[in-house]
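# Examining the three-dimensional arrangement
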Amino acid sequence: MRMWWFITTLAISAFICNSPVYAYDNNPLQDICVALNDSQASVFVNGKICKDPKLATANDFYFSGLNVSGNEVPGLGFSLKTVDVNNMPGLNTLGITLVRADLEPQRIGPFHMHPRATEMITILEGTAYAGFLVPDPANFFKSHLFSKILNPGDVFVFPQGLIHFLYNMGYKKATFLFYFNSQNPGFVIIPYSIFASNPPISDDILAKGFQLNKTEIAELRKKFS
Ligand SMILES: *[C@@H]1O[C@H](CO)[C@@H](O)[C@H](O)[C@H]1NC(C)=O
Ligand SMILES: *[C@@H]1O[C@H](CO)[C@@H](O)[C@H](O)[C@H]1NC(C)=O
Ligand SMILES: *[C@@H]1O[C@H](CO)[C@@H](O)[C@H](O)[C@H]1NC(C)=O
């Protein structure tokens, strides 16, 4: 009886302790799991299907080209070049993504969050102002801003799921590397998510949600869609 109770307790605590872990990238159960490049694959796994390890090559674990910036996102003044499982299939299940970002002077990487990853950034060139918001646990209608001015060589971290921004406060281009502890961090840009949804959220709901009138909502919608 006692043994039974012990085993049940152990099983329940193992379940409770382990379950949050599944919200993150799983630890790989094999040394490598190079992603199979097959858009027709109809088996859905947490990541991509592995190639036969015997067929893996060094190129599966290699990427070249981060020495040049990516394509500029039209109108936003920043460009991103991502190294992830889609262009470096050896990253499959390893729980990591790397991005090079270049931000034009006086432009901002707007308020956004990554639901599945903490992001560590380092600045290689330029001067930036970076910050993230932590909800106040005593009053969810308030938050605390943690921010820093960053110069080349400085490192800052945006904890998982928290809203953050990055502003190029200098007068020349700023270049960064972003490291994410997920192979699929997710990217939720707050104003665009809200004002450019498809189908759109009605003006009535937005006006109530933001305590603004419909003219003001229409202006915001124009800017963010
Ligand atoms: C970037 O690196 C690639 C690969 O090594 C090289 O071919 C290319 O010339 C480099 N470009 C610049 C602008 O340095
Ligand atoms: C995957 O296949 C597509 C379509 O054939 C191709 O365009 C892409 O470059 C491939 N990606 C890799 C990492 O090999
Ligand atoms: C909406 O709000 C703006 C700014 O407060 C104000 O100037 C405008 O008159 C308002 N429009 C309507 C239709 O209430």
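As the structure is a prediction and not an experimental result, all values here were calculated from the model.

### Focus on a nonpolar patch on the surface
- Taken together, Met120, Val155, Val157 and Tyr179 make up a surface patch of nonpolar side chains, about 330 Å² in accessible area.
- As for its position among the elements, Tyr179 is in strand E10 (residues 174–180).

### Considering the state of the cysteines
- For the structure on display, the rule yields 1 disulfide.
- Each disulfide pairs two cysteine sulfurs, and for Cys33 the partner residue is Cys50, the sulfurs being separated by 2.0 Å. Residues Cys33 and Cys50 share a disulfide whose torsion about the S-S bond is about -85°; that sign makes it left-handed. Of this pair, Cys33 sits in the loop between helix H1 (2–18) and strand E1 (71–73) while Cys50 sits in the loop between H1 and E1; the two residues are 17 residues apart in sequence, bridging distant segments of the chain.
- On the basis of relative accessible area, Cys50 is assigned to the partly exposed category, the value being 35%.

### Let's talk about the UniProt feature "binding site: oxalate" (unreviewed entry) in the protein chain
- Under the UniProt annotation, "binding site: oxalate" (unreviewed entry) lies at His114 and Glu119.
- In this fold, His114 is placed in the loop between strand E4 (108–113) and strand E5 (119–125).
- Given a relative accessible area of 6%, His114 falls into the buried group.
- Among the polar contacts listed, one links the side chain of His114 to the side chain of His112, at a separation of 3.3 Å.
- Position of Glu119 relative to the elements: it lies in strand E5.
- Taking the relative accessible area as the measure of exposure, Glu119 reaches 2% and is therefore buried.

### Topic: the nonpolar core
- Grouped together as the largest cluster of nonpolar side chains are 19 residues, with contacts concentrated most on Ile121, Ala130, Phe156, Leu166, Phe176 and Phe178.
- Mapped onto this core, the elements with two or more residues apiece are strand E3 (97–103), E5, strand E6 (128–136), strand E8 (155–158) and E10.
- When near neighbours in sequence (up to four residues on either side) are disregarded, Phe178 contacts Leu80, Thr97, Leu98, Val99, Ala101, Glu119, Met120, Ile121 and Leu166.
- In this structure, Ala35, Val83, Val85 and Leu91 belong to the second largest nonpolar core, which totals 5 residues.

### Some words on the pairing of E3
- Among the 7 residues of E3, 6 are classified as buried, and the element is accordingly described as predominantly covered.
- Strand direction decides the pairing type here: strand E2 (residues 78–83) and E3, joined by 6 bridges, are antiparallel. Its bridge partner lying in E3, Thr82 is registered against Val99.

### Side note on unusual backbone geometry
- Asn198 connects to Pro199 through a cis peptide bond whose omega is 0°.
- Mapped onto the fold, Pro199 is located in the loop between helix H2 (190–195) and helix H3 (203–210).
- Even without being glycine, Thr93 reaches a positive phi, approximately 70°.
- Mapped onto the elements, Thr93 comes out in the loop between E2 and E3.
- At Gln211, a residue that is not glycine, the phi angle is positive and equals roughly 55°.

Cut-offs applied
- Residue positions within a chain follow its written sequence, with the count starting from 1.
- Chains carry letters from A onward and ligands carry numbers from 1 onward, assigned in written order.
- Since the coordinates come from a predicted model, pLDDT governs what is reported: local features require at least 70, and pairs of side-chain atoms require 80 or more to be given and counted, while whole-chain, interface and lining totals use all residues.
- The side-chain figures draw on all heavy atoms in the structure; neither hydrogens nor water molecules are used.
- Note that patches include only residues with greater than 30% relative accessible area and no salt bridge, and the join distances are 9 Å for like charges and 5 Å for nonpolar side chains (Val, Leu, Ile, Met, Phe, Trp, Tyr).
- In these tables, accessible area is a Shrake-Rupley quantity obtained with a 1.4 Å probe, and a residue counts as shielded only by the protein chains included in the view.
- Salt-bridge detection follows one rule: a side-chain nitrogen of Lys or Arg within 4 Å of a carboxyl oxygen of Asp or Glu.
- Numbering goes from the N terminus for both helices and strands, where a helix is a DSSP run of H or I of at least four residues and a strand is a run of E of at least two.
- Throughout, a disulfide means two cysteine sulfur atoms within 2.5 Å of one another.
- Buried, partly exposed and exposed residues are distinguished by accessible area as a fraction of the type maximum, computed with a 1.4 Å probe on protein chains only: under 20%, between the cut-offs, and over 50%, respectively.
- UniProt positions are given in the numbering used here, feature names are shortened, and annotations may be inferred rather than shown by experiment.
- Contacts described as polar in this section are N or O atom pairs within 3.5 Å, which, within protein, must combine one atom able to donate a hydrogen with one able to accept it, while residues neighboring in sequence count only if both atoms come from side chains.
- By nonpolar core is meant a set of buried Ala, Val, Leu, Ile, Met, Phe, Trp, Tyr and Cys residues that side-chain atoms within 4.5 Å join together.
- Contact definition: two residues touch when any of their heavy atoms are within 4.5 Å.
- One requirement defines pairing of two strands: DSSP has to find at least two bridges between them.

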